Amino acid sequence: MKTDAGAAKEKFDQLNNDLGKRSHIAMYGSALALEKLIEVDPKQERNAIQAFRTVVNFGKKLPKEILKPALQSVVRLLIKSGRVRMAVSTLEKYLPHHGEDLELNLLLVDTHIQNDDPEKALEIAASLNQDSISVKLLQAQAYKTLWDKDRSGEVEPLNKAADILLSVTDKTVEVVSMLGDCLQKAGRPDEAMKIYEDAVAAGLLTSVFQRPSSMNRALKGVPVWTDLELTAVELTPEDREAIVQAVIYKGLFGDMEGGNTREGVWGYFGLSENGIWLKEECKAVPEICKKLKAAGYGTVGKTYVSLLYPSSSTFPHNAATNELLHLIIPASGIMNLRIADKNLVLTEDPVVIDPSFDKEFSNDGSDAAVVIVTSVPHPDL
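Chemist: Quick question: what am I supposed to make of helix α6 (residues 102-114) here?
Modeler: Since one α-helical turn is 3.6 residues long, residues separated by three or four positions face the same way. Between its first and last C-alpha, α6 extends 18 Å over 13 residues, near the 18 Å set by a 1.5 Å rise per residue. Here α6 has its buried residues at L104, N105, L106, L107, L108, V109, T111, H112 and I113. The inward-facing, buried residues of α6 abut α4 (64-80), α5 (84-94), α7 (118-125) and α8 (133-149). With a side-chain oxygen lying 3.1 Å from the backbone nitrogen of E103, the N-terminal cap of α6 falls on D101. One or two steps after α6, the chain reaches D116, where phi turns positive at roughly 60 degrees.

Shown next, in the form of structure tokens:
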């Protein structure tokens, strides 16, 4: 399976045929092989989803040791492919067979959150073990999503999320990061800073500014990298205009996810994800994708166009990991970036930052500000 997933799938399929095409173990092995093949052939994602759905259709006939991981896999793949509603219905159909399983219930809560239904997520979470940190984190995330759905000025959902996280006795980096975020967005920045300072004193964080939920402490941490040599990407005036025309004027962009838009419009147009270039999206700006590929970018994380309309700004936020850096290439307009205690103006020169540091963007100009962001591996890895 590890060295040749294609060969493994053939063997599992042959075994299933030999057993009358009704072997749930062989079918599960074949589905796992397809999931592995997605790494080299993204088109296999659809086949993997169908294979796992075939397995879980055995329902009560399946031992929990197979049904549970098969459910987890198909839900993960459905969410990744954008079919979150189908992920919810799949879990709701088969979860009653193992309704006492905390992990599967937590997955259902998380899937409801991703389906933009925080109310249902909170309803289910209320029936789970309230002493579990995982339950409290999802409850807090649901309240954050509830606040993001209705930006009417009410911050009560954020305060409820903060209260839940404050009740956690043994705080983790993830708890601290989410708690501080809730307090900042609720207009309680001094309390947020106190949480970060206490976390630094306790050894949870190395800096009040660097707060990824997953921290690799072996990696050098600086907010702005000035001594890192990366391949240059030369954008012509035609390239820059193409981004404006194709992405902004045609309205191809969507809202940046994460609930971090403070005011105005913060747009996102993806070009690559998890090291895989998005063919349809790249048709809008083919020369940009071509140049980025030729320079060796787009092999990890995400590559995307980020734009801020005039009079727009973001809340302070940070990436979930410190293992990826961001190369920011200004394309149009002027965007302001505050990262840690440094203030930058993004105009023409590329900048390399560590996005796990606290940062916020703003646009005080009269034109939309546009940048290209691409992930690069941390040089210490």
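Chemist: Would you explain unusual backbone geometry in this entry?
Modeler: The phi torsion of most residues other than glycine is negative, and most of the peptide bonds are trans. Located in the positive-phi region is D116, a residue other than glycine, with phi close to 60 degrees. Mapping D116 onto the fold places it in the loop between α6 and α7. In this structure, S311 takes a positive phi of about 60 degrees despite not being glycine. Within the element layout of this structure, S311 appears in the loop between β6 (302-308) and β7 (312-314). Its relative accessible area of 56% is what places S311 among the exposed residues.

Chemist: Is there a simple way to explain helix α10 (residues 173-185) in this structure?
Modeler: Along its 13 residues, α10 runs 18 Å from first to last C-alpha, staying within 8% of the 18 Å computed at 1.5 Å per residue. For α10, the tally of buried residues reaches 11 of 13 residues, placing the bulk of the element in the interior. Here α10 has its buried residues at V173, V175, V176, S177, M178, L179, G180, D181, C182, L183 and K185. One or two steps after α10, the chain reaches G187, where phi turns positive at roughly 80 degrees.

Chemist: Explanation requested: the packing of helix α3 (residues 44-56) against α4 in the structure shown.
Modeler: When two helices pack together, their arrangement is given by the angle between their axes and by how far apart the axes lie. The N-to-C vectors of α3 and α4 enclose an angle of 145 degrees; their axes lie 9 Å apart at closest approach. The way α3 lies across α4 gives a crossing that is left-handed. Of the residues in α4, those touching α3 at E45, A48, I49, F52, R53, V55 and V56 are I66, L67, A70, L71, S73, V74, L77, L78 and K80. Its residues assigned to classes, the contact of α3 with α4 shows 12 nonpolar, 1 polar and 3 charged.

Chemist: For this particular structure, what's the right way to read the sheet that holds strand β10 (residues 342-346)?
Modeler: To summarise the sheet geometry, strands pair through backbone hydrogen bonds and adopt either a parallel or an antiparallel arrangement. The 5 strands lie next to each other as β3-β7-β12-β9-β10, forming an open sheet whose pairing is antiparallel. At either end of the open sheet lies a strand with only one pairing partner, and these are β3 (261-263) and β10. Geometrically, the sheet is characterised by an average inter-axis angle of 20 degrees between neighbouring strands, direction not taken into account. Two elements, strand β9 (residues 335-339) and strand β12 (residues 359-363), share 4 bridges in a ladder whose sense is antiparallel. When the bridges of β12 are listed, L337 appears paired with F361.

Chemist: Honestly, the pattern of salt bridges in this entry has me stumped. Any pointers?
Modeler: Under the defined criterion, the tally for this structure stands at 20 salt bridges. With a closest N to O distance of 3.7 Å, K64 and E100 form a salt bridge. One end of the pair, K64, is in helix α4; the other, E100, is in the loop between α5 and α6, with 36 residues separating them in the sequence. One salt-bridge network, held together by shared partners, links K64, K68, E100, D101 and E103.

The rules behind each value
- Residues numbered from 1 in each chain as written.
- Predicted model: local features only at pLDDT ≥ 70, side-chain atom pairs only at ≥ 80, totals over all residues.
- Heavy atoms only, no water.
- Helix = DSSP H or I, 4+ residues; strand = E, 2+ residues; numbered from the N terminus.
- Expected span 1.5 Å × (residues − 1).
- Buried < 20%, exposed > 50% of the residue type's maximum accessible area, 1.4 Å probe, protein only.
- Contact = heavy atoms within 4.5 Å.
- Polar contact = N/O pair within 3.5 Å; in protein donor to acceptor, adjacent residues only side chain to side chain.
- Axes fitted to C-alpha atoms, helices over the stretch in contact; angles between N-to-C directions.
- Left-handed = near helix turned anticlockwise from the far one by under 90°.
- Nonpolar A, V, L, I, M, F, W, Y, C, P; charged D, E, K, R; others polar.
- Pairing = 2+ DSSP bridges.
- Salt bridge = Lys/Arg side-chain N within 4 Å of Asp/Glu carboxyl O.

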